[in-house]
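The residues making up each chain are set out below.
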Amino acid sequence: MIKRILYTFLPVCLLATGFAGCDDDAVEPLPETVPLIIEASGKSFVMGEELTLTVKVNDEKNPQLTTNEDFDVYLTAKDGEMDVSKIAFKDFPSMVTVPKGVSSFDIKLPIVESGLEPKQKLTVNVTAFVRGYAMTNPTQTVVVSDHYYTVVSLKNNSDNIINEGDEFTIQVQTPVPVKDDMDINITIPDDQKSLYETLPPVTLTVNAGETLAEAKVKTKHNLSPTQHETLVLNFTTISVMYPLDNDKMEIIMKDLEAGKGSKLLDERWVYDHPGIPFASSGRQTAVVEQYGDAVLMKELDAHPNADLAAAGWKFYNAWEFHSVGNSGDMWNNGNSFGNKVPLFLAARNTVIVQNHAACINEQFSKITDDGYLRMIEMKVPSNATAPASGQRDYGTAAFYGCGTGSPWKSNSQLISEGCRMEIRARLRGQKNGFNMGIWLVSDESAGQKSYSEIDILENPVGPVTGDRAHQTFHTGPTTTDNKTKTANNTINMTEWNIYWVEWRSDTEVAIGINGEETVTLKKSECTEEEWTFTNAKNEKGLKFILTMGAPNKWGLGGGTETGGVWSPDAGWDSGFASYNNYERDKENDAIPRLEIDWVRTYINKATVADYELGKAKNGTKFY
């Protein structure tokens, strides 16, 4: 209970003098609250250690400010929805009183000395609450385990996939600085040594006081067609304090001379090396340093694909999700989640998007160290953002760009007549009930003249639809009265594919996957009213949109509708609903996620001016 005391005083002199001649106040004012912040003494702990939570007065304008009353701090410790206060801690207090007159106060939380299983990791959200006080960072997330585990991985390559001839970096990382030098021994099979130009080191050492050690390794490029190889690296250590989390790593090394598959299924029909990022001249050095290679591109360069170059496509612009560059330019991670969020895309936080999940891009999306945009959806209670409101069971990410007719950063690309747009994407995790979408739509203002929509990819997954790549044109006078033409194909959407659209002219548009044109729509197939794919009817170009679309009525079928909002049958999310701890589960492979490697646009006009026709656009290069 907050010890906020109200003193009342009715002096006798008031009665005796008719409320005159009394110097005492009738009521002593309530103490004013002070802003608070919670800090943790670390992020990772093992059995027998102690977590310290520090409650601080947080007023930059008045750094000498102290608490002016006793108040109670209420504490909880949860891993997802599970109370772990007794599993992770000894004598965890549900309430602690902070005294009057202090600028900071430490709350000691000893970790249990036994009971955790080997490699058991609890991701604990320790939350503090003080009634009536504003508090910054009230939830501190810590990992509690039996040991500090050492993780060996590939730097900036979570997929463990390389091309033959590539250089890669082995990275050894501990959760806390090691007290003494710690060695990791590395061995590889003898019959694989010939595949390397530079062998992995025999020993990789994390120096005392450090958390990280790295070593570069280079493979050989065999120019003859062979086969993909699985490189095996084995790890050992004698360290008892920092044992290995993984004692083996397998790396897929792709044969660059392997024959191409079908045009529909093989992205190499568009680019020989689609994973190599584009870079502008100002970023090329940094991108090469981060990713090992980059293609320097500038406006009106011919498409790297000879056939597409011959068709007249010239480079216009790109969004490359590099994790390099200055914060505030390419991306911004000034949020409490530490995620790099692209500044060239805006939040698609519409009411429809947020029917079932709150759109919070800062939490549920990020530019990864590997260099792509990851969007996830999790069963983490979240508050919907304006224009929607209220709590949702899920949190999600959704973006849009282009089509604004202004110089905002989200309007750094233009999609109009004479444009080819390519998106390298993959869809992963438990997708049942989702309709992940990459799509274009006409200006949504009240004064729009017509409705144009291109679904470059929709993936409605469920018992009704299965799991296929749908691509559709919508064109007509309104959103409800329009002509459609569609194609759907069975492909492996969990791996990278290039989805594209060509707005070839004011009489023809086409959609495709990798090297295959899947559906084409021509003006001759439509009435005059139905045909809307012209600059005249889309003066600001088309908007580019990325959405997760869950839960999806199209794929799931069953459900109920209340007040115009459809809700799915219970259990639709059984494949991933239990992954409800953000810090613990956000990297879990079961989490539904839409991942974009890059977005590139080309034009078939002689000059950029001929294409843009004076339309307002942000000139920053995001590649």
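Residues numbered from 1 in each chain as written. Predicted model: local features only at pLDDT ≥ 70, side-chain atom pairs only at ≥ 80, totals over all residues. Heavy atoms only, no water.

An unreviewed UniProt entry lists the protein under the name Aldehyde dehydrogenase, with Bacteroides thetaiotaomicron given as the organism. The protein has a UniProt comment under Sequence similarities (unreviewed entry) that states "Belongs to the glycosyl hydrolase 16 family." (UniProt positions renumbered as here; feature names shortened; annotations may be inferred.)

K.L.:
Would you take a moment to explain the overall build of the protein for this structure?
P.N.:
Across its full length, the protein carries eight helices and 44 strands. Principal axes of the C-alpha set define a box for the protein whose edges measure 100 × 75 × 50 Å. Put simply, the protein has 623 residues, and 49% of those count as buried. The contacts of the protein with a sequence gap of at least 6 include a subset with a gap of at least 24, amounting to 67%. Of the roughly 28600 Å² of accessible surface on the protein, 49% is carried by carbon and sulfur atoms. Of note, the protein has its 58 positive side-chain charges centred 3 Å away from the centre of its 85 negative side-chain charges. (Helix = DSSP H or I, 4+ residues; strand = E, 2+ residues; numbered from the N terminus. Buried < 20%, exposed > 50% of the residue type's maximum accessible area, 1.4 Å probe, protein only. Contact = heavy atoms within 4.5 Å. Areas by Shrake-Rupley, 256 points an atom, 1.4 Å probe, with all protein chains shown as cover. Lys, Arg positive; Asp, Glu negative; His and termini not counted. Charge placed at Lys NZ, Arg CZ, Asp CG, Glu CD.)

K.L.:
Explain the sheet that holds strand β1 (residues 36–40) to me, please; I cannot follow it from the model alone.
P.N.:
The strands that make up a sheet are held in pairs by hydrogen bonds between backbone atoms, and each pair lies either parallel or antiparallel. With respect to topology, four strands assemble into an open sheet ordered β7-β3-β1-β9, the strand pairing being mixed. Because the sheet does not close on itself, it has two edges, and the strands there are β7 (104–110) and β9 (135–136). Across five bridges, β1 lies against strand β3 (residues 50–57) in antiparallel orientation. Counted as the bridge partner of I38 is V55 from β3. (Pairing = 2+ DSSP bridges.)

K.L.:
Honestly, unusual backbone geometry in this entry has me stumped. Any pointers?
P.N.:
As a rule of thumb, non-glycine residues mostly have phi less than zero, and peptide bonds are mostly trans rather than cis. Look at the link from A386 to P387: it is a cis peptide, with omega at 15°. Positionally, P387 belongs in the loop between β29 (382–383) and β30 (391–392). A cis geometry characterises the amide bond from A550 onward to P551, with omega recorded as -10°. One can find P551 in the loop between β41 (543–547) and α6 (553–556). Located in the positive-phi region is L300, a residue other than glycine, with phi close to 75°. Within the fold, L300 resides in the loop between β21 (295–296) and α4 (306–310).

K.L.:
What's the story with the packing of aromatic side chains in this structure? I'm lost.
P.N.:
Ring pairs (aromatic) are described by centroid distance and by the angle formed between their planes. Applying the stated criterion to the full structure yields 24 aromatic pairs. Between Y372 and W496, the aromatic rings sit 5.6 Å apart at their centres with planes inclined by 70°, giving edge-to-face as the arrangement. A residue pair is termed long-range when its members are at least 10 positions apart, and Y372 in the loop between β27 (365–367) and β28 (373–376) and W496 in the loop between β37 (483–489) and β38 (497–505) qualify at 124 residues. Each member of the pair Y372 and W496 is classed as buried. Grouped by ring-pair contacts, the aromatic residues Y271, F278, F315, W598, Y602 and Y623 constitute a single cluster. Geometry around W500 places R420 over its ring, the cationic atom sitting 4.6 Å from the centre. (Phe/Tyr/Trp six-rings, centres within 6.5 Å; stacked < 30°, edge-to-face > 60°. Lys NZ or Arg CZ within 6 Å of the ring centre and 35° of its normal.)

K.L.:
Is there a simple way to think about the pairing of strand β36 (residues 469–476) in this case?
P.N.:
Two faces make up the sheet, and in a regular strand the side chains alternate between them. Burial analysis of β36 places eight of its eight residues in the buried class, which makes it a mostly covered element. The alternating pattern of β36 places A469, Q471, F473 and T475 and H470, T472, H474 and G476 on opposite faces, both of which are buried. Pairing geometry for strand β35 (residues 451–460) and β36, over six bridges, is antiparallel. The residue of β36 that forms the bridge with S452 is T475. By the bridge criterion, seven bridges tie β36 to β37 in an arrangement that is antiparallel.

K.L.:
Mind showing me how you'd approach the sheet that holds strand β15 (residues 196–198) here?
P.N.:
Ordered in space as β11-β13-β17-β15, the four strands form an open sheet in which the pairing is antiparallel. Only two strands of the sheet have a single partner each, and these edge strands are β11 (151–154) and β15. On average, each strand axis in the sheet is tilted by 30° relative to the strand beside it, whichever way the strands run. Bridge analysis of β11 against strand β13 (residues 167–173) gives four bridges, and the strand direction is antiparallel. By the bridge assignment for β13, V151 is matched with Q173. (Axes fitted to C-alpha atoms, helices over the stretch in contact; angles between N-to-C directions.)

K.L.:
Even after reading the chapter, I still don't get the domain arrangement of the protein, so can you show me in this structure?
P.N.:
How big an interface is tends to be stated in terms of the accessible area lost upon association of its parts. In terms of domain boundaries, the protein breaks down into domain 1 (34–143), domain 2 (149–252), domain 3 (265–310) and domain 4 (329–610). Spacing between the C-alpha centres of domain 2 and domain 3 amounts to 28 Å. (Domains from an automatic or database assignment.)

K.L.:
I would appreciate a short explanation of the environment of P177 in the present structure.
P.N.:
Counting through the fold element by element, P177 comes out in the loop between β13 and β14 (182–187). The class for P177 is partly exposed, based on a relative accessible area of 48%. Sequence spacing of P177 and L212 is 35 residues, and the spatial spacing of their C-alpha atoms is 8.4 Å.

K.L.:
Just to check I follow, could you spell out the nonpolar core for this structure?
P.N.:
As a rule of thumb, nonpolar side chains are buried together in soluble globular proteins. The biggest cluster of nonpolar side chains holds 74 residues, and the ones touching the most others in it are F544 and I596. Ranked by the residues each element gives to this core, the list is headed by strand β33 (residues 419–428), at five residues. Those residues within four positions of I596 in sequence are excluded, and the remaining contacts are F321, Y372, L373, I423, R424, A425, I438, W496 and L546. Formed by 32 residues, the second largest nonpolar core is a distinct cluster that contains L53, V73, F89 and Y133. (Core = buried A, V, L, I, M, F, W, Y, C linked by side-chain atoms within 4.5 Å.)

K.L.:
Sorry if this is basic, but what is going on with the side chain of Q192 here?
P.N.:
Relative to the helices and strands, Q192 is located in the loop between β14 and β15. For Q192, the side chain forms a polar contact with the main-chain oxygen of T230, separated by 2.8 Å. In this structure, Q192 is in contact with T230, L231 and V232, ignoring residues within four places of it in sequence. (Polar contact = N/O pair within 3.5 Å; in protein donor to acceptor, adjacent residues only side chain to side chain.)

K.L.:
What is the right way to read the confidence of the model for the protein from this model?
P.N.:
Should the pLDDT be low somewhere, the predicted coordinates at that spot are not to be read in detail. In this model, the protein carries an average pLDDT of 91, and 95% of its residues clear a pLDDT of 70 or more. Here residues 1–27 scores under 50 on pLDDT; set against residues more than four positions off or in separate chains, the count is 32 contacts. (pLDDT = per-residue confidence, 0-100.)

K.L.:
Which parts of the structure should I look at to understand the pairing of strand β19 (residues 248–254)?
P.N.:
Across the two faces of β19 the burial differs, with M249, I251 and M253 buried and K248, E250, I252 and K254 not buried at all. Note: strand β12 (residues 161–163) against β19, three bridges, orientation parallel. Each bridged residue has a counterpart across the sheet, and for I161 the counterpart in β19 is I252. Relative to β19, strand β18 (residues 229–236) runs antiparallel, the two sharing six bridges. In the strand pairing of β19, N234 is matched with K248.

K.L.:
Would you take a moment to explain the pattern of salt bridges for this structure?
P.N.:
Oppositely charged side chains can form a pair if their charged atoms are brought close together. This model, assessed by the stated rule, comprises 36 salt bridges. Salt-bridge contacts for D159 lead to R428; the nearest nitrogen and oxygen are separated by 3.6 Å. Linking D159 in the loop between β11 and β12 with R428 in strand β33, this pair joins segments that are 269 residues apart in sequence. A residue is classified by how much of its surface remains accessible, and D159, at 26% relative accessible area, is partly exposed. What makes R428 buried here is its relative accessible area of 17%. Note that D266 is salt-bridged to R268, the shortest N-O span being 2.9 Å. (Salt bridge = Lys/Arg side-chain N within 4 Å of Asp/Glu carboxyl O.)

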